[in-house]
Amino acid sequence: MTEQHETTPDTPDEHAPDGHAPDGHAPDGHAPDGHAPDGPRPPQRERRTPPRWVRRTLVGVAGGLLCLVFGVTSATAELSFGPHEAVYAVDTDGLVVADLGPLGTVEIDSPLPLGLGVDVTVKEIPADLSAVGAASTLDALGEDLESYLQFFSSPDVAVRSVAWALAVDAVRRTALAAVVLVLGALALRGLLGVSRRRELAAAIAPRTWEITAGVAVVGLVATTVVAGGVVPPTQGTTASPVFAGTALEGARITGRLSGVIDTYGGQLVELYDENEAFYAAADDNLVDAWNSWEVRQAVRDGAPGASEAETGQPDETPDETPGETPGETPGETPGETPDGASASPSADPEDLVTMLVVSDLHCNTAMAPLIRTVAERSDADLLLNAGDTTTNGTSVEKACVDAFASAVPRGAKMVVADGNHDSAETSKQEAAHGQVILDGDVVEVAGVRILGDRDALETRVGSGTAVARETTPEEQGAALAQTACEDGEVDLLMIHTAPVGLDAMESGCVPFQVSGHTHRRAGPEQVGQGIRYVNASTAGAAPNQPTVGPLRGTAEMTLLRFDPELRRVVDWQLVEVDPAGEAVVRDRLPVPEIVPPAEDVLSSSGVAPPEGEGTTDPSPGP
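In what follows, the accompanying structure is described. Predicted model only: the values in this text are computed from it and were never measured.

### A few points about helix α8 (residues 368-377)
Turning to step 1, where the next piece is worked out: Within the span of α8, buried status applies to Ala368, Leu370, Ile371, Thr373, Val374 and Ala375.
Turning to step 2, where the next piece is worked out: Following α8 by one or two positions, Asp379 has its phi on the positive side, about 55 degrees.

As structure tokens, this is what we get:
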């Protein structure tokens, strides 16, 4: 029998030295079994093995994509959903599904690409239907209405927060998967040994491109199947007409929630629309009011004493004030220059530090765009938040913190002295946005040295007020006074509750104090040896009224200008938005000069005070 020789497919089609064909055919052109060949076999090309760096790069890219897919499709985040804690998880069903437990689900087509969706599992919903009667369920939903409205009044902020949290978790999981993959590869490398790795490399390396193409085809097919084969689990369920024209248009409701939404959802949408329209109009009015003030100010700077006929705008005088804010000292209505006012700033106006004061926001997130408008138009360097950003200081109120963080213009900084309706959790959420949280020490921001602290008390709706820190308000006040005097260069004290700063003001170590808490404006006026200003509620908070929805009281913001040469606040300016949505920008007023105590004046002149005068503890009257 004729001798045969094996060749690899990579060997060129050449005749063997012994005269036999390398493909196993006999020299006479017939196959070894005596049958005629089907025809001449075409020469096979030699496989070109790509360089090692190419092979390693392809393996790295494939592994990275695998880790990325795992990280994205398994990402989760625990955030708030209205008044509830919720778990957000990415999946591949192409839907955004809010699972409300026994109440049902809310489903809407996902805006994410490649068939990605998000499941929202809402917590704090009773799992036992028997525990939830119809009346109590509706009552609970009614109580939570404000929180839902807070959540949806700034949906862009809520969506950004969720997207960011999911993205961070996806990156974390991708990195973790990459570490596991690398460690697994190293372990496999050690188990195989050198000789076996060489054998596998010799067999696989020439087929690198075939393997790459196969992996790409499989990945493309899998992506196409996932993206194109999404079948909504509620196929056949019609979209709720309640959400027509809103961001939730096309949403499908299942379970008993469907009946609740159909019955009461229209009212919620009407409230939402009313809220959006009110604050949009108020923001427009605020812009117009600011423009009017700028015209008045420009004319006044060019021609002192300009009249209404010259400016075309009414001058803001005490008689035109919409109404005196409770808590104001009579005769100090904005628009009047009080006696003892300080002189004009010595520095160029461009060198002054502009600070925008807000306080008692109480989760009225609809005010965030208006705060940003004032901050941008005034070129504010600092935003001073005098506390009570939230209502209960809970983790689910992160949506409120996020909304107000969006009001800070690029380049500006927010400094916060949290109030009794906030908490350590609130401070943590604010710090995550890069805000400066006052915690008993002196900080310098934009050239202003600021001292402050979080309120020693915590108030919870339904639970009352209690000391929540290691120190009482009295001890906190004494500590702040000591810190101010030891530092010796404090420009401003910010504390939520004004009386806590009394020791510091009387010490003479603090020239200016900013506070909130009372929801009523007071000052600026001298207290002790400094000037104190109490800002009213920027949320328009009114007694026994919710702060969500159109304003029920006048919302106030205050602009302070700080002279870095004189090291003091030189003037203040009030911005108001009333319950009708009308806005007023008052003229700047000088801050009163600090008048030294009588005994200091007499001692400096060498004259002793008369007996019984100048004492700090006068005898009680009859």
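So, next bit.
### Description of the nonpolar core
Turning to step 1, where the next piece is worked out: Counting 35 residues, the largest nonpolar core has Leu356, Ile371, Leu383 and Met557 as the members making the most contacts within it.
Turning to step 2, where the next piece is worked out: For this core, the elements supplying multiple residues, two or more each, are α6 (256-302), β7 (353-358), α8, α9 (398-405), β9 (413-416), β19 (555-563), β20 (568-577) and β21 (583-585).
Turning to step 3, where the next piece is worked out: Ranked by residues supplied to this core, first place goes to α6 with 7 residues.
Turning to step 4, where the next piece is worked out: Those residues within four positions of Met557 in sequence are excluded, and the remaining contacts are Leu356, Val357, Val358, Met367, Leu370, Ile371, Val374, Asn535, Thr538, Gln573, Leu574 and Val575.
Turning to step 5, where the next piece is worked out: In terms of nonpolar packing, the next biggest core, distinct from the first, is built from 26 residues, Leu492, Val514, Phe562 and Leu589 among them.

### Brief notes about the packing of aromatic side chains
Turning to step 1, where the next piece is worked out: The final tally for this structure, using the stated rule, is 3 aromatic pairs.
Turning to step 2, where the next piece is worked out: With a centroid separation of 5.1 Å and 55 degrees between ring planes, the pair formed by Trp290 and Trp293 is classed as tilted. Of the two residues, Trp290 and Trp293 are both situated in helix α6; the distance of 3 residues between them amounts to about one turn of the helix.

### Topic: a nonpolar patch on the surface
Turning to step 1, where the next piece is worked out: On the surface, a cluster of nonpolar side chains totalling about 380 Å² of accessible area is made up of Val179, Val182, Leu183 and Leu186.
Turning to step 2, where the next piece is worked out: Positionally, Val179 belongs in helix α4 (residues 155-204).

### Some words on a negative patch on the surface
Turning to step 1, where the next piece is worked out: Taken together, Asp348, Glu350, Asp351, Asp379, Asp381 and Glu565 make up a surface patch of like negative charges.
Turning to step 2, where the next piece is worked out: You can see Asp348 is positioned in the loop between α7 (308-311) and β7.

### Description of the sheet that holds strand β17 (residues 522-527)
Turning to step 1, where the next piece is worked out: As summarised here, the arrangement of the 6 strands in space is β11-β12-β15-β16-β18-β17, forming an open sheet in which the pairing is mixed. Two strands in the sheet have a free side with no partner beyond their single neighbour: β11 (442-445) and β17. Looking at each pair of strands side by side, their axes are set apart by 25 degrees on average, direction ignored.
Turning to step 2, where the next piece is worked out: When strand β12 (residues 448-453) meets strand β15 (residues 492-495), the two strands line up parallel, connected through 4 bridges. Bridging from a neighbouring strand, Ile450 pairs with Leu492 of β15.
Turning to step 3, where the next piece is worked out: Its contacts with the sheet place helix α11 (residues 473-487) against β11, β12 and β15, and it is angled at close to 160 degrees to β12.

### Brief notes about the pattern of salt bridges
Turning to step 1, where the next piece is worked out: This structure, assessed with the given rule, holds 20 salt bridges.
Turning to step 2, where the next piece is worked out: A salt bridge links Arg296 to Asp587, with the nearest nitrogen and oxygen atoms 3.1 Å apart. Placement of Arg296 in helix α6 and of Asp587 in the loop between β21 and β22 (589-590) is noted, with a sequence separation of 291 residues between them.
Turning to step 3, where the next piece is worked out: Two residues, Asp491 and Arg567, come together in a salt bridge whose shortest N-O distance is 2.4 Å. Within this pair, whereas Asp491 is found in the loop between α11 and β15, its partner Arg567 is found in the loop between β19 and β20, the two being separated by 76 residues in sequence.
Turning to step 4, where the next piece is worked out: Residue classification places Asp491 among the buried positions, given a relative accessible area of 4%.
Turning to step 5, where the next piece is worked out: The class of Arg567 is partly exposed, set by a relative accessible area of 33%.
Turning to step 6, where the next piece is worked out: The network of salt bridges with common partners includes Arg521, Glu556, Glu576 and Arg586.

Quick notes on the rules
Residues numbered from 1 in each chain as written. Predicted model: local features only at pLDDT ≥ 70, side-chain atom pairs only at ≥ 80, totals over all residues. Heavy atoms only, no water. Buried < 20%, exposed > 50% of the residue type's maximum accessible area, 1.4 Å probe, protein only. Helix = DSSP H or I, 4+ residues; strand = E, 2+ residues; numbered from the N terminus. Core = buried A, V, L, I, M, F, W, Y, C linked by side-chain atoms within 4.5 Å. Contact = heavy atoms within 4.5 Å. Phe/Tyr/Trp six-rings, centres within 6.5 Å; stacked < 30°, edge-to-face > 60°. Patch = residues over 30% accessible without salt bridge, like charges linked within 9 Å, V, L, I, M, F, W, Y side chains within 5 Å. Areas by Shrake-Rupley, 256 points an atom, 1.4 Å probe, with all protein chains shown as cover. Salt bridge = Lys/Arg side-chain N within 4 Å of Asp/Glu carboxyl O. Lys, Arg positive; Asp, Glu negative; His and termini not counted. Charge placed at Lys NZ, Arg CZ, Asp CG, Glu CD. Pairing = 2+ DSSP bridges. Axes fitted to C-alpha atoms, helices over the stretch in contact; angles between N-to-C directions.

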